[in-house]
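Residue-level listing of the chains:
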2 protein chains.
Amino acid sequence: MKTLPVILVGFGPVGRAFAELLAEKMAELKEKYGLSLRLEAILRRSSALLLEEKVESLDKRALVNKINDPSSWSRRPSLDSLLQQGIPGVLVEVTTSDLKTGQPGYDHIKKALTSGWHVVTANKGPLLVSFSELHNLAKENNLRLKFSGATAAALPALDVGLVSLAGTEIRRVEGILNGTSNYLLTRMAEGASYSEALKEAQEKGIAEKNPAYDVEGWDTAVKLALLSAAFFGVCLQLEEMEVVGINQLTPEELRMAKQKGLKFKLIGSLWKQKESIKAKVRPELLNPSHALFFVDGTNKGISFVTDSMGTITLMGGQSDPRGAAAALLKDIINIYHHF
Amino acid sequence: MKTLPVILVGFGPVGRAFAELLAEKMAELKEKYGLSLRLEAILRRSSALLLEEKVESLDKRALVNKINDPSSWSRRPSLDSLLQQGIPGVLVEVTTSDLKTGQPGYDHIKKALTSGWHVVTANKGPLLVSFSELHNLAKENNLRLKFSGATAAALPALDVGLVSLAGTEIRRVEGILNGTSNYLLTRMAEGASYSEALKEAQEKGIAEKNPAYDVEGWDTAVKLALLSAAFFGVCLQLEEMEVVGINQLTPEELRMAKQKGLKFKLIGSLWKQKESIKAKVRPELLNPSHALFFVDGTNKGISFVTDSMGTITLMGGQSDPRGAAAALLKDIINIYHHF
């Protein structure tokens, strides 16, 4: 069994969860998939943890101890030097997303793909800014660029759209793709005002201090752009979409909806219109016969309307760093293991 | 682009739908997946349609005309002779399922796998009777034996469990896997008696004349056995399961459930208990917080409880021959195309 190196770039909550999950799953991956992975390095902005131990000794506790010991971290070597030494493996890119420049993820991904490394990422920025370039670069080099972690993480929207619906024509995709705004809508439908619900969500760590990206619909729009790229080969620009968030809904509108047995949900839609792909994000009034009506709280869901398999709906998936880490690991397994 | 031969064995509603779907999708498969498939032969019990035309000329209408013209059908050659000529491709096995002997599907699948052909099947019998043998035979010969069509057809239970949940520990699977009994339960909850609901379902073509296999839970049990084989490598025998159908539910029980805001659903469950895999099928009383509560009518659904991705639920999928045919085609694409 060949041991494949993994380099982790970015060490926020998802990066940390990934490192821990990988250590936890090492033995299982060997047994179940014949896959021996070795976490070789963790890169933060200006420091790095280089793991030189034998794979066997890297259990989760040993790794956590190392991570927590400041003396384990040294000055960060260049990514190039790490990519060039030894056999190529997988770069896991989870640095902070910059939707305008795509940096620094763009550079990391490009370097990996030109050095023979596969890439698995949860970083939306580089994909949104340079999807076609990076996708083609991977293709030309016979490598994979996988990004389940950047679309709906543990909710396997990408796999289902690509693998499970292979051969169908996807006519329409509708999703509740942002857990934060869905949580707010759920609480508001229960009677909370927008500001009450937001405060509560912020206290629970569900909403960011600056919630604009989530509640104004941009997170959903970015996910739609990536899904469109994956399913239709068309990477939509945010400017091409109608994007309306939930922050303009009034308590009155929510009360009325509830009285009628309806619910507002922030729906991201993607559909074919003649030869082009259209997308929009906006609060929509759903009735109970809609497949996404019952997706409440921080849950996410996605429905695919197809020509030959009917409508298929997916919901759930853990919305936390561990869920995102599991999506990254799943993508790695699927690079090497063909079911 | 190499053209790969497809042989279709079995020509009931699913076989016919598959032949038509393949003809319909031929150009799209080339364009999207670089996959050129050629339907070489359709075998019925004692006759065969051998298609010798160039691929380009086999559009859907031409194929349907051929199928409907009795003079196109000739005496059935041996499957062996067809498997031996030219390069190997995919055998699509959709003969009638015999859950006791697995025949004739077992022979067909074994012949294909020993002749270098991949197999895609919707036939539960041979898998239930000889899963390990056939699975290992495929593995030894570096071939694929895929059976989405035998588990929940267009509902991608197998793909999600294998591909999307790769690397997770599946702790529990719960499914509404039989559309017929779910339809009956839905109608009974609306006030119909069991016999009224059954008569109606039979008139609509939803229930078989002899509904025992569906309503007594055996169809669900067989699907659980196949899912267990795929996910846990353990092919359970039906005798090892507690199987209770919906035919013993009284109108009184259903009325009571409805009054309390609950629903009876025929749930197939699969779970790990220490080192062994357990399965049972029985009507369970669900409350609205259960992910499968809202799966009504002929719809199917399945929930996976995992260690690292939370709970993921899938629902929908066209329950008809075209949906099953699309699942067969999807499996073929996934043999040759690695996403």
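Predicted model only: the values in this text are computed from it and were never measured. (Residues numbered from 1 in each chain as written. Chains lettered and ligands numbered in written order. Predicted model: local features only at pLDDT ≥ 70, side-chain atom pairs only at ≥ 80, totals over all residues. Heavy atoms only, no water.)

Trainee: Even after reading the chapter, I still don't get the overall build of chain A, so can you show me in this structure?
Mentor: What chain A contains, in helices and strands, is 13 helices and 13 strands. For chain A, whose C-alpha radius of gyration is 21 Å, the value lies close to the compact-globule estimate of 20 Å for 339 residues. Referenced to the eigenvectors of the C-alpha coordinate spread, the extents of chain A come out at roughly 60 × 45 × 40 Å. By the burial criterion, 59% of the 339 residues in chain A qualify as buried. (Helix = DSSP H or I, 4+ residues; strand = E, 2+ residues; numbered from the N terminus. Rg over C-alpha atoms; globule rule 2.2 N^0.38 Å. Buried < 20%, exposed > 50% of the residue type's maximum accessible area, 1.4 Å probe, protein only.)

Trainee: Teacher, can you tell me more about the relation of the copies chain B and chain A here?
Mentor: The pair of chain copies shares a relation made of a rotation about an axis and a shift along it. For these two chains of identical sequence, chain B goes onto chain A by a turn of 180° and a shift of 0.0 Å along the axis, with RMSD 0.0 Å. Look at the turn and shift together and you get a two-fold axis relating the two. Identified as the residue of chain B closest to the rotation axis by C-alpha distance is B:Leu314, at 2.2 Å. By residue overlap, the copies meet face to face through one surface: 100% of the interface positions of chain B are interface positions in chain A. (Least-squares fit on C-alpha atoms with pLDDT ≥ 70 in both. Contact = heavy atoms within 4.5 Å.)

Trainee: What is the right way to look at the packing of helix H4 (residues 105-114) of chain A against helix H5 (residues 124-140) of chain A in this model?
Mentor: For any two helices packed against each other, the geometry is given by the interaxial angle and the distance between the axes. Residue and element names in this part refer to chain A. Where H4 contacts H5, the two axes come as close as 10 Å, and the packing angle between them is 5°. Classified by the angle their axes make, H4 and H5 are roughly parallel. Touching Gly105, Tyr106, Ile109, Lys110, Leu113 and Thr114 of H4 are Pro126, Ser130, Glu133, Leu134, Leu137 and Ala138, all from H5. (Axes fitted to C-alpha atoms, helices over the stretch in contact; angles between N-to-C directions. Parallel < 35°, antiparallel > 145°, perpendicular 65-115°, else oblique.)

Trainee: Can you help me understand the interface of chain B and chain A in this one?
Mentor: One frequent convention defines the size of an interface as the accessible area lost when the parts assemble. Facing the 43 residues of chain B at the interface are 43 residues of chain A. Both faces considered, chain B and chain A share a buried interface measuring about 3,600 Å² in area, 55% of it formed by carbon and sulfur atoms. For the pair chain B and chain A, the interface holds two salt bridges. Between B:Asp307 and A:Lys25 there is a salt bridge whose closest N-O contact spans 2.6 Å. Inspection of the chain B/chain A interface yields 30 residue pairs in polar contact (both at pLDDT 80 or more). Mapped by element, the contributors of at least two residues to the side of chain B that touches chain A are helix H1 (13-33), helix H7 (157-164), strand E13 (311-316) and helix H13 (321-336) of chain B. When residues in the side of chain B that touches chain A are grouped by element, the largest group, eight residues, is from H13(B). Here strand E13 (residues 311-316) of chain A runs beside E13(B); their pairing, made up of five bridges, is antiparallel. Within E13(B), the residue paired with A:Ile312 across the bridge is B:Gly316. (Buried area = accessible area lost by both parts, 1.4 Å probe. Salt bridge = Lys/Arg side-chain N within 4 Å of Asp/Glu carboxyl O. Polar contact = N/O pair within 3.5 Å; in protein donor to acceptor, adjacent residues only side chain to side chain. Pairing = 2+ DSSP bridges.)

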